[in-house]
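Close look at the chain arrangement
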Amino acid sequence: MTACSTPQTPRTILSFDFDGTLHNPATDPPVTPELFDLLRHLEKEHNALWGINTGRALPHMIEGLAESHFPSPPHFIVAREREIFFPAADGTWQEDTEWNEQCARSISHLLDDMRETISQIRHLVQEHTGAEWIEQPGEPAGIIARTEEEMGWLHSRIVAMVPPDSALGWQRNSIYLRFGHRDFQKGSSLARVARHFRLTPEQVFAIGDSHNDLEMLHPGIASMIACPANAVPEISAHVREKGGYHCQQSYSAAAVEALRHFFHLP
């Protein structure tokens, strides 16, 4: 990938979920090259910045960009739904240290405070389902279910177990669920990126397909919101309710469709 150039006066931010929204492993190429052409046009004509807002960790996301043949890196990456990175001139990625460290501290303290509730949820997972409980250094507790139906059952029980006023949150995507702090997710991270570039929600576009995209698909975060035709029913209903754009196409073709809609392109 060639180095990306940042407009001197950015006017728009484009935020894309990756898996299920842009990346389709069943197609070759996984992302339509038409998207790359459109991004170049929007960078030039609308001073647009674009980035990936994903549940993937940063190394896995970089692999996904290469696999999908992106010609240049994004202007930002939100990794693991909460960690913010910007590209450096030497090709490395520099983190938003203040945000990422605050996020890590908040999650660590919260999981300690909620240890009893987390233990009860773990017992539920291990004793009543075939799902896998995940704990590893640097990563909050999480669950990998066998099926989406099993995850749906677990999610309904978790909602009932966690007090409504608790700061304990979670990000759900298909059979995966990751616990964390409600203040650090795709929506709050995108808002932080917008503030970094001194832009407002009226200047932000966001598209996503799954439950963990819910917070960024909100008018208070992005005034231009969309979902692909392959979005889960809850996201489809949410985007329609908020007056967003529900695409007729799926995956990266839907991203092209949504961008053409909001930027009035043929």
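Cut-offs applied
- Residues numbered from 1 in each chain as written.
- Predicted model: local features only at pLDDT ≥ 70, side-chain atom pairs only at ≥ 80, totals over all residues.
- Heavy atoms only, no water.
- Salt bridge = Lys/Arg side-chain N within 4 Å of Asp/Glu carboxyl O.
- Buried < 20%, exposed > 50% of the residue type's maximum accessible area, 1.4 Å probe, protein only.
- Pairing = 2+ DSSP bridges.
- Helix = DSSP H or I, 4+ residues; strand = E, 2+ residues; numbered from the N terminus.
- Contact = heavy atoms within 4.5 Å.
- Axes fitted to C-alpha atoms, helices over the stretch in contact; angles between N-to-C directions.
- Parallel < 35°, antiparallel > 145°, perpendicular 65-115°, else oblique.
- Left-handed = near helix turned anticlockwise from the far one by under 90°.
- Nonpolar A, V, L, I, M, F, W, Y, C, P; charged D, E, K, R; others polar.

Moving on, we come to the pattern of salt bridges. If charged atoms from side chains of opposite charge come close, those side chains can pair. On inspection of all chains with the given rule, the structure shows 13 salt bridges. A salt bridge links Glu83 to Arg80, with the shortest nitrogen-to-oxygen separation between them at 2.4 Å. The exposure class assigned to Arg80 is buried, which follows from its relative accessible area of 15%. Through salt bridges with shared partners, one network takes in Asp17, Lys186 and Asp213.

Overall, mixed pairing links the eight strands, which are arranged β5-β4-β3-β2-β1-β10-β11-β12 in an open sheet. Of all the strands in the sheet, the pair left with one neighbour each is β5 (93-95) and β12 (245-246). Here strand β4 (residues 83-87) pairs with β5 via three bridges, running antiparallel. When the bridges of β5 are listed, Pro87 appears paired with Trp93. Set on the sheet, helix α7 (residues 233-241) makes contact with β11 (224-227) and β12; between it and β11 the angle comes to about 150 degrees. Helix α8 (residues 251-262) rests against β1 (12-16), β10 (204-207), β11 and β12 of the sheet, and its axis sits at about 150 degrees to β10.

Right, let's talk about unusual backbone geometry for a bit. Cis peptide bonds are those with omega within 30 degrees of zero, and the linkage from Asp28 to Pro29 qualifies with 5 degrees. Structurally, Pro29 is set in the loop between β1 and α1 (33-46). A positive phi angle, close to 65 degrees, is found at Glu81, a residue other than glycine. When you line up the elements, Glu81 lands in the loop between β3 (76-79) and β4. A positive phi is found at Tyr251, a non-glycine position, where the angle reads about 50 degrees. Its location among the elements puts Tyr251 in helix α8. Owing to a relative accessible area of 26%, Tyr251 belongs among the partly exposed residues under this scheme.

Looking now at the packing of α1 against α8. Orientation of α1 relative to α8, taken along the N-to-C sense of each, is 30 degrees, at an axis distance of 9 Å. Here α8 runs roughly parallel to α1, going by the angle between their axes. Of the two possible hands of crossing, α1 and α8 adopt the one that is left-handed. Contacts from Glu34, Leu35, Leu38, Leu39 and Leu42 of α1 reach α8 at Ala255, Val256, Leu259 and Arg260. Residues that form the contact of α1 with α8 fall into these classes: seven nonpolar, no polar and two charged.

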